[in-house]
Structures are given as C-alpha cells and as structure tokens.
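Commentary on secondary and tertiary structure
As a plain string of letters, each chain reads:
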Amino acid sequence: MSDNPIEPPPWLNAPPVDPYPYEETYDLRKGPDLHPALLGLLPYVGLWRGRGRGGFPSIEDFDYAQEIRITHDGRPFLYYESRAWILDEQSRPVRPAGREVGWWRAVFDDDGRGTDELEVMLSTPTGVMELYLGKVTGTRVEIATDAVLRTSTAKEVTAGHRLFGIVEGALLYAQEMAAVGHPLSPHLSARLIRVGG
C-alpha cells in the first residue's frame, strides 16, 4: 500500500487511444444497419443540398442555400446537422447563415417496439436549444416544440413548428417560429436534393 492516500487515476499516464472506432454514415449501402425503429425515417438519411427562402415579420425576406447531413451509427437515433448561407440575386454566397445540430430519436412503446412518434433535439450556436415532439406519417415528419431554452444573450425564441417531406426524391420543409414578440409565423422553407447516400 502506498503512503500517498491520493493515487493518480489509472488513465493519467495511459497511452494515446486510436481514432473513434465506430462508423457513422449517411450512405445506407455501407456501415452499420439502420436501427429497425428508424425504418420510417430511412428516406431522410443522406446528404442534402438545395435552396430556400426565409423571412419573418421583423426582418426582410432572404434567399439562402443549405446543406443538411442526416447520419446514423446503428443506434435508435439519427444525427442531424444543418448549415446555411445567404445568397445574393445572382445566387452567389454572401455570408454564412444559420447552423444547427441535434438528434432525431425514435420513441418506443412499453414492449420495446418503435412507434411512429419522434423526439427531436436541436441546438444552434446563437444560444437556442429546442425540444420538438412529433410524428412520422409515411414520408412526412411533423414536429412542434415542447420546450425552448435560451442563453441569456440569445434572441427570444418561444416556439417552433416544422413540417418535412420527401417529394419526388427531394427533401422539402417549412418552418414556423414564434420569436421577439411575434406569434408562430412562417420563417424558412426549402427544397434540397440528395447529393450523397
């Protein structure tokens, strides 16, 4: 037994570890199998890119481009990452725009079977964190906020509603937001095409 009552933790001088050993993919032809509870969301897994139009009662309308990556690692959730950029009248990039990351989680019944319900958690670098609850119906996903958290310096966002669909192979969505004293109002809509997966 050592005279030192506080021993260093065993990992303190351990050798370096290898890179993360588990594959995450948006290409369903490789990597782990999609979790059975996510089969209703299979059409969404992929790398998507396209254009949209944004606006809100307190800002001018704007055009934007967007890339959405929806991946999985075999567990019962999808990883969602979105980044957008403002476009000028000639479709040239002007500046970076909204970003968000999060997870789309399957909901299970009491017997451990996946349901058509969905929990979606999203965070932005502007300090807004949203918890959405929703449902998968065919190739349509509709979610509405159950809770919105904000940092002390974030814009006042109080609610959101999003509708996604796969239409003729493209990913379409419309997003409504309640913010800065305005009720739920149209905010973003876009059409993205699959560029990977």
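Remember, predicted model here, so these are calculated numbers, not experimental data. (Residues numbered from 1 in each chain as written. Predicted model: local features only at pLDDT ≥ 70, side-chain atom pairs only at ≥ 80, totals over all residues. Heavy atoms only, no water.)

**A few points about the side chain of Gln66**
- Along the chain, the position of Gln66 falls in strand 2 (residues 59-71).
- Looking at Gln66, the relative accessible area reads 5%, which means it is buried.
- Side chain to side chain, Gln66 and Tyr173 meet in a polar contact 2.6 Å long.
- Once residues lying within four places of it in the same chain are set aside, the contact partners of Gln66 are Trp48, Arg49, Gly50, Ser82, Arg83, Ala84, Trp85, Tyr173, Ala190 and Leu192. (Helix = DSSP H or I, 4+ residues; strand = E, 2+ residues; numbered from the N terminus. Buried < 20%, exposed > 50% of the residue type's maximum accessible area, 1.4 Å probe, protein only. Polar contact = N/O pair within 3.5 Å; in protein donor to acceptor, adjacent residues only side chain to side chain. Contact = heavy atoms within 4.5 Å.)

**Remarks on the layout of surface pockets**
- In this structure, the largest pocket spans a volume of roughly 740 Å³.
- Forming the walls of the largest pocket are 32 residues, and the residues nearest its centre are Gly98, Arg99, Lys155, His187 and Leu188.
- A breakdown of the residues in the lining of the largest pocket according to their chemical character gives 17 nonpolar, eight polar and seven charged. (1 Å grid on protein atoms, 1.4 Å probe; cavity = no way out; pocket = protein on both sides within 12 Å on 5 of 7 lines; lining within 4 Å. Points joined across faces, edges and corners; volume = space filled by probe spheres on them. Nonpolar A, V, L, I, M, F, W, Y, C, P; charged D, E, K, R; others polar.)

**Digging into the environment of Gly138**
- Note on placement: Gly138 falls in the loop between strand 6 (128-137) and strand 7 (140-150).
- Gly138 sits 22 residues away from Asp116 along the chain, and the two C-alpha atoms are 9.4 Å apart.

**Some points on the nonpolar core**
- Leu41, Tyr44, Trp104 and Val141 are the most contacted members of the largest nonpolar core, which totals 29 residues.
- Look past the residues within four positions of Val141 in its chain and what remains in contact with it is Leu41, Tyr44, Trp104, Leu118, Lys135, Val136, Arg162, Leu163 and Phe164.
- Core analysis: the next-biggest nonpolar cluster, separate from the first, contains seven residues, Val128, Val157, Met177 and Ala179 among them. (Core = buried A, V, L, I, M, F, W, Y, C linked by side-chain atoms within 4.5 Å.)

**What about the sheet that holds strand 2?**
- One closed barrel accounts for ten strands, arranged 1-2-3-4-5-6-7-8-9-10; its pairing is antiparallel. Shown here is a sheet whose adjacent strand axes are inclined to one another by a mean of 25°, direction ignored.
- Here strand 8 (residues 157-167) runs beside strand 9 (residues 170-179); their pairing, made up of ten bridges, is antiparallel. What sits directly across from Arg162, in strand 9, is Gln175. (Pairing = 2+ DSSP bridges. Axes fitted to C-alpha atoms, helices over the stretch in contact; angles between N-to-C directions.)

**Details of the packing of aromatic side chains**
- Here the structure, examined in full by the defined rule, presents seven aromatic pairs.
- Here the aromatic cluster, defined as three or more aromatic residues joined through ring pairs, consists of Tyr44, Tyr80, Trp104, Phe164 and Tyr173. (Phe/Tyr/Trp six-rings, centres within 6.5 Å; stacked < 30°, edge-to-face > 60°.)

**Quick look at the pattern of salt bridges**
- For the coordinates displayed, the defined rule picks out 16 salt bridges.
- Between Arg92 and Asp88 there is a salt bridge whose closest N-O contact spans 2.8 Å.
- Among the residues examined, Arg92 registers a relative accessible area of 47% and is labelled partly exposed.
- Through salt bridges with shared partners, a single ionic network connects Arg49, Glu67, Arg69 and Arg83. (Salt bridge = Lys/Arg side-chain N within 4 Å of Asp/Glu carboxyl O.)

**Some thoughts on the environment of Ile70**
- Along the chain, the position of Ile70 falls in strand 2.
- Taking the C-alpha atoms as reference points, Ile70 and Asp110, separated by 40 residues in sequence, lie 27 Å from one another.
- Contact partners of Ile70, with chain neighbours within four places excluded, come to Thr25, Tyr26, Tyr44, Val45, Gly46, Trp48, Leu78, Tyr79 and Tyr80.

**Some words on the pairing of strand 4 (residues 93-108)**
- Where strand 3 (residues 77-87) and strand 4 come together, ten bridges link them in antiparallel fashion. Bridge pairing links Glu81 to Val101 in strand 4.
- Two successive antiparallel strands, strand 3 and strand 4, enclose a turn made up of five residues, where Ser91 displays a positive phi of approximately 65°.
- Across seven bridges, strand 4 lies against strand 5 (residues 114-123) in antiparallel orientation. Among the inter-strand pairings, Arg105 is bridged to a residue of strand 5, identified as Glu119.
- The turn joining strand 4 and strand 5, which pair antiparallel and follow one another in sequence, is formed by five residues; a positive phi near 85° is taken by Gly112.

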